[in-house]
Amino acid sequence: GHAGAVAVLDDDVAEDGSAFLVMELLEGRSVEALWQQRGLSLPGTLALIEQLLEVLEAAHARGIVHRDLKPANLFITTEGVVKVLDFGIARLREPQVATATQSGAALGTPGFMAPEQARGENDKLDGLADIWAVGATLFQMLSGQLVFDGDNALALLVQAATQPARSLGSVSPQLPAAVVRLVD
């Protein structure tokens, strides 16, 4: 119900039995594409993150945890509105019956996962995992690097599960101390 979440207009089942969603058409670019093409200023990046946090505040108030925040899942419309994409692995924060597909499964993108998410501790995931991903997103956008340094997704997953995050200041010492503290 928040303007920063992509609107789902309809859902149905196709003739072959597959479910589908009809979503609003967006015009603009992903944050990842903008960042890779021309970069974003520090004030522009922080303004974007402020909009993202407003969307998360609304989602978390309704018990929804996104679980896969990253620059590729953030979109800036031609009007400058940040839209959060891909709530595909989001879940309601409520007690659930454990099943084989849920138990111990780490869902998300390793470079942006909170430690408890990387460890597959799905019963411990709450809005703080999304906040961790916001920090990891800021880390990448401001430094050009991921929080952890690894050659592949598995290495990033292991580090996220077992190692403390490095400081943004260790890779971008030119950033203002207040921004480094915010991200750290």
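Undergrad: I'd like a rundown of the pairing of strand E5 (residues 74-77), residues and numbers included.
TA: Of the two faces of E5, both are covered, the one formed by Leu74 and Ile76 as well as the one formed by Phe75 and Thr77. Where strand E3 (residues 28-30) lies against E5, 3 bridges are found, and the strand directions are antiparallel. From the neighbouring strand, serine 30 faces E5, where its bridge partner is phenylalanine 75. Here E5 pairs with strand E6 (residues 82-84) via 3 bridges, running antiparallel. For phenylalanine 75, the partnering residue across the bridge sits in E6 and is lysine 83.

Undergrad: Break down unusual backbone geometry for me, citing the residues and quoting the values.
TA: For arginine 67, which is not a glycine, the phi torsion comes out positive at approximately 75°. Its location among the elements puts arginine 67 in the loop between strand E4 (64-65) and E5.

Undergrad: I'd like a rundown of the sheet that holds E5, residues and numbers included.
TA: Taken together, the 3 strands give an open sheet; going across it, the order is E3-E5-E6, and neighbouring strands pair in antiparallel fashion. The open sheet has two edge strands, E3 and E6, and neither has a second partner. On average, adjacent strands in this sheet sit at an angle of 25° to one another, irrespective of strand direction. In this fold helix H1 (residues 31-38) packs onto E3 and E5, with an angle of close to 85° to the strand it touches most, E3.

Undergrad: Pulling in residues and values, what's your account of the nonpolar core?
TA: Within the largest apolar cluster, 33 residues are counted, with the highest numbers of intra-cluster contacts made by Leu48, Leu52, Leu69, Leu74, Leu142 and Leu168. Sorting the residues of this core by element identifies H1, helix H2 (42-61), E5, E6, helix H4 (127-143), helix H5 (153-162) and helix H6 (177-183) as the ones contributing at least two each. Residue contributions to this core peak at 7 residues, all from H4. Setting aside residues no more than four positions away along its own chain, leucine 142 makes contact with Leu42, Thr45, Leu168, Ser172, Leu175, Val179 and Val183.

Undergrad: Got a sec to walk through the environment of leucine 74? Specific residues and values, please.
TA: Looking at the element boundaries, leucine 74 is found in strand E5. Linking leucine 74 and leucine 48, residues 26 residues apart in sequence, is a C-alpha distance of 9.2 Å. Once residues lying within four places of it in the same chain are set aside, the contact partners of leucine 74 are Arg29, Ser30, Val31, Leu48, Leu52, Leu69, Lys83, Val84 and Thr137.

Undergrad: Residues and numbers for H5, please.
TA: By the burial criterion, the buried members of H5 are Leu156, Ala160 and Ala161. Down the axis of H5, the buried side of the element spans an arc of 130°, and every buried residue falls inside it. Across H5 from its buried face, at more than 90 degrees, point the exposed residues Leu154 and Thr162. Sitting at the head of H5, asparagine 152 places a side-chain oxygen 3.1 Å from the backbone nitrogen of leucine 154.

About the cut-offs
- Each chain carries its own residue numbering, running from 1 in the direction its sequence is written.
- Whole-chain, interface and lining totals are the exception, using all residues; otherwise, since this is a predicted model, local features are given only for residues with pLDDT of at least 70 and side-chain atom pairs are given and counted only at 80 or more.
- Side-chain metrics in this entry use all non-hydrogen atoms of the structure; hydrogen atoms and water are not considered.
- For the exposure calls, accessible area comes from a 1.4 Å probe over protein chains only, and a residue counts as buried if that area is under 20% of its type's maximum, exposed if over 50%, partly exposed in between.
- Where helices and strands are cited, they refer to DSSP runs of H or I of at least four residues and of E of at least two residues respectively, numbered from the N terminus.
- Strands qualify as paired when DSSP identifies two bridges or more between them.
- Note on geometry: axes are C-alpha line fits, over the in-contact stretch for helices, and angles between N-to-C directions span 0 to 180 degrees.
- We call two residues in contact when some of their heavy atoms are within 4.5 Å.
- We define the nonpolar core as a collection of buried residues of types Ala, Val, Leu, Ile, Met, Phe, Trp, Tyr and Cys that are connected through side-chain atoms lying within 4.5 Å of one another.
- Taken from the helix axis, the directions to the C-beta atoms give the arc we talk about.
- Polar contact is the term for a pair of N or O atoms within 3.5 Å; when the atoms are in protein, one must be able to donate a hydrogen and the other to accept it, and sequence-neighboring residues count only if both atoms are side-chain atoms.

Nothing here speaks to function; it is all geometry.
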